[in-house]
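# Structural overview
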Amino acid sequence: MPDLYLHNSLTRRKERFEPAVPADIRIYVCGPTVYDLAHLGNARPVVVYDVVARLLRLLYPRVTYVRNITDVDDKINARARESGEPIGAITARTTADFHADMAALGALPPDEEPRATAHIAEMIMIIQRLIASGHAYAAEGHVLFAVSSDPGYGKLSGRSQDELLAGARVDVAPYKRDAGDFVLWKPSIGDLPGWDSPWGYGRPGWHIECSAMSWKYLGETFDIHGGGSDLIFPHHENEMAQSLCAFPGSRFARTWMHNGMLQVNGEKMSKSLGNFFTVRDILAKAPGEAIRLLLLRTHYRSLLDFSDQGLAEAKRELDRFYRALQQVPDAPAGDLPAAVLDALCDDINTPLAISAMHALADAAMTGDRAAASGLRAAGAVLGILQQSPEAWFRGNTDDSAAIDAAIAERLAARASKNFARADAIRAELAAKGILLEDGPKGTTWRRIA
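In this text, all values refer to a predicted model and were calculated from it rather than measured experimentally.

Attention now moves to the pattern of salt bridges. Summed over the entire model, instances satisfying the criterion amount to 27 salt bridges. With a closest N to O distance of 2.8 Å, arginine 62 and aspartate 24 form a salt bridge. Of the two residues, arginine 62 is situated in the loop between α1 (40-59) and β4 (63-67) and aspartate 24 in the loop between β2 (13-16) and β3 (25-29); the sequence distance between them amounts to 38 residues. The class of arginine 62 is partly exposed, set by a relative accessible area of 46%. Close ionic contact of arginine 67 with glutamate 113 constitutes a salt bridge, the shortest N to O distance being 3.4 Å. Taken together, the residues arginine 67 in strand β4 and glutamate 113 in the loop between α3 (87-104) and α4 (120-132) connect sequence positions 46 residues apart. Residue arginine 67 is classed as buried on the basis of its relative accessible area of 4%. The exposure class of glutamate 113 is partly exposed, given its relative accessible area of 26%. Here the salt bridges do not stand alone but share partners, grouping Arg410, Arg414, Arg426 and Asp438 into one network.

Structure below.
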């Protein structure tokens with residue numbers, strides 16, 4: 001097996017991956033805040049780190065992949081006030097929606113999916129450790145992390161103290177010792193969710209949630225922490241600071257991975273521009289597998305431009321892969337070909353891996369059984385090509401009976417030499433995106449749109 005190299009955001013260079021315990025790989029990824037449907041930007045890290053986890057499981061005997069659910073947050077509180085729907089109902093519904101949408105993109109569930117509200121005790125314990133060691137202080141029902149107490153603060157983002165303050169959009173509050181100090185615990189009043197604590201009835205700040213959940217399931221030091229590049233500051237910077245200060249001598253995350261952002265048709269995705277799309281919006285016009293491939297056609301650290309043209313290209317690529325597999329229908333998944341493995345071990349270079357898959361498809365088109373087996377193995381690591389070619393080309397089978405009936409009518413028309421009607425049926429189906437293919441074994445069909 002080749003060595004795995006990953007770009008470490010902390011050191012700003014590509015490094016050979018050296019796990020703390022090679023027989024037990026541990027990875028934590030920041031999951032969704034569940035108050036609405038997942039959008040395309042939410043989908044990218046899920047797909048990226050799903051591939052990372054699949055590759056790690058191929059290379060190492062045991063992998064623990066943790067991705068959290070943030071179910072206590074001011075965005076959730078605001079949605080509850082706007083809609084009148086109870087917070088518990090909102091988080092339950094949107095969590096189920098998230099699971100359904102990510103499954104449609106071929107993402108496997110993580111090994112652990114902790115909810116923030118189930119780990120308040122761990123958060124309180126870490127906050128107490130920070131206060132006891134002088135890294136945090138209580139003030140007016142709040143507990144804040146004292147940024148000045150951590151000489152390493154800013155190391156992950158690479159910002160100076162002045163830049164950190166300017167970029168944090170910090171709340172200037174009279175109870176803060178320093179404007180950059182961030183909240184670990186805050187009071188809850190009225191109908192806001194809250195829990196009893198040594199500092200009064202309240203709720204956690206956002207950053208402490210991930211520190212508590214990663215510690216609970218992965219320990220003080222683990223191998224990989226992943227997320228979008230928009231989380232580097234302040235979320236991941238603050239996570240790292242409070243965890244390292246709470247557990248002196250630990251490393252928290254040995255490698256930090258960050259995926260690039262997503263834009264739509266060359267512009268930042270936003271509701272005001274009318275180019276804001278949920279995963280469900282795109283699933284209504286394309287298979288989840290095509291969306292997944294589009295997300296993987298760009299290197300995970302690069303800016304990704306999502307467009308209808310790119311989605312159509314991804315769909316055509318999948319058509320080609322599945323057509324290649326059709327030529328050797330009984331070829332099982334074999335060993336992962338070296339070209340694909342080498343590409344993925346070079347900082348998860350999925351575009352290069354996909355290029356290698358096209359070479360395999362070329363060979364499989366000629367009936368090369370080994371190439372077809374390699375193509376299936378590559379698909380398994382990338383999370384694509386997981387269905388039969390027949391199922392892929394038929395797509396949504398809700399109207400299969402009607403299509404089969406039309407084919408039977410066409411065959412009857414041809415038998416009675418009514419070729420005009422037979423041609424009309426073919427044209428009608430083609431207009432619906434259904435291509436008929438006549439062969440020695442009869443007439444088959446597949447979707448082309």
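Back to the text.
Okay, the pairing of β3 next. By the criterion of burial, β3 is predominantly enclosed, with five of the five residues buried. Residue alternation in β3 divides its side chains into two sets, Ile25, Ile27 and Val29 and Arg26 and Tyr28, and both sets are buried. As judged from the five bridges shared by β3 and β4, these two strands associate in the parallel manner. Within β4, the residue paired with isoleucine 27 across the bridge is tyrosine 65. Read from β3 through α1 to β4, the crossover connection turns out right-handed. Strand direction decides the pairing type here: β3 and strand β9 (residues 221-228), joined by three bridges, are parallel. Within β9, the position partnered with valine 29 by the bridge is glycine 226.

Two elements in contact, α1 and helix α11 (residues 338-345), have axes separated by 11 Å at closest approach and are oriented at 115 degrees. For the pair α1 and α11, the crossing hand works out as left-handed. Between α1 and α11, the contacting residues are Leu55, Leu58 and Leu59 on the first element and Leu341, Leu344 and Cys345 on the second. Of the residues assigned to the contact of α1 with α11, the class counts are six nonpolar, no polar and no charged.

Glancing now at the nonpolar core. Ranked by internal contacts, the top residues of the largest apolar core, which has 77 residues, are Leu56, Met102, Phe306, Val340, Met357, Leu375 and Leu385. Residue contributions to this core peak at 12 residues, all from α1. Non-local contacts of leucine 56, meaning those with residues more than four positions away in its chain, are made with Leu4, Phe17, Ile25, Val63 and Ile224. The next biggest cluster of nonpolar side chains, apart from the first, holds 39 residues, and it includes Tyr28, Leu156, Leu231 and Ala246.

Right, let's get into the environment of isoleucine 282. Position of isoleucine 282 relative to the elements: it lies in helix α8 (residues 279-283). Relative accessible area serves as the criterion here: at 1%, isoleucine 282 is assigned to the buried category. Sequence-wise, isoleucine 282 and leucine 40 are 242 residues apart; in three dimensions their C-alpha atoms are separated by 8.5 Å. The residues contacting isoleucine 282, other than those within four sequence positions of it, are Leu40, Phe277, Ile291, Phe306 and Leu311.

The end-to-end C-alpha distance of α3 is 26 Å, a good match for the 26 Å that 18 residues give at a rise of 1.5 Å each. Packing partners of the buried residues in α3 comprise α1, β4, α2 (74-83) and α8.

Below, the discussion takes up the sheet that holds strand β8 (residues 202-204). The antiparallel open sheet is built from four strands, whose spatial order is β5-β6-β7-β8. Edge strands, defined here as strands with exactly one partner in the open sheet, are β5 (136-139) and β8. With direction set aside, neighbouring strand axes in the sheet form an average angle of 20 degrees. Pairing geometry for strand β6 (residues 142-145) and strand β7 (residues 182-187), over three bridges, is antiparallel. Its bridge partner being in β7, valine 143 is matched across the sheet by tryptophan 185.

Looking now at the packing of aromatic side chains. Summed over all chains, the structure comprises nine aromatic pairs. Pairing phenylalanine 252 with tryptophan 256 gives two aromatic rings, centres 5.8 Å apart and planes at 55 degrees, and the pair type is tilted. The exposure classification of phenylalanine 252 matches that of tryptophan 256, with both residues buried. Here the aromatic residues Tyr28, Phe222, Phe252 and Trp256 are joined through ring pairs into a cluster of three or more.

Let's shift gears to unusual backbone geometry. Note: most peptide bonds trans; most residues except glycine with negative phi. Look at the link from phenylalanine 233 to proline 234: it is a cis peptide, with omega at 5 degrees. Along the chain, proline 234 falls in helix α7 (residues 232-246). Notably, glutamate 140 is not glycine yet its phi reads approximately 55 degrees, a positive angle. Looking at the element boundaries, glutamate 140 is found in the loop between β5 and β6.

Right, let's get into the sheet that holds β3. The parallel open sheet is built from four strands, whose spatial order is β4-β3-β9-β10. In the strand order of this sheet, the two ends are held by β4 and β10 (252-259), each with one partner. The average angle at which neighbouring strand axes cross in this sheet is 20 degrees, direction not considered. Strands in contact with α1 are β3, β4, β9 and β10; relative to β10, the strand with the most contacts, it is inclined by about 130 degrees.

Rules and cut-offs
- Residues numbered from 1 in each chain as written.
- Predicted model: local features only at pLDDT ≥ 70, side-chain atom pairs only at ≥ 80, totals over all residues.
- Heavy atoms only, no water.
- Salt bridge = Lys/Arg side-chain N within 4 Å of Asp/Glu carboxyl O.
- Helix = DSSP H or I, 4+ residues; strand = E, 2+ residues; numbered from the N terminus.
- Buried < 20%, exposed > 50% of the residue type's maximum accessible area, 1.4 Å probe, protein only.
- Pairing = 2+ DSSP bridges.
- Right-handed = clockwise from strand over helix to strand, strands pointing away.
- Axes fitted to C-alpha atoms, helices over the stretch in contact; angles between N-to-C directions.
- Left-handed = near helix turned anticlockwise from the far one by under 90°.
- Contact = heavy atoms within 4.5 Å.
- Nonpolar A, V, L, I, M, F, W, Y, C, P; charged D, E, K, R; others polar.
- Core = buried A, V, L, I, M, F, W, Y, C linked by side-chain atoms within 4.5 Å.
- Expected span 1.5 Å × (residues − 1).
- Phe/Tyr/Trp six-rings, centres within 6.5 Å; stacked < 30°, edge-to-face > 60°.

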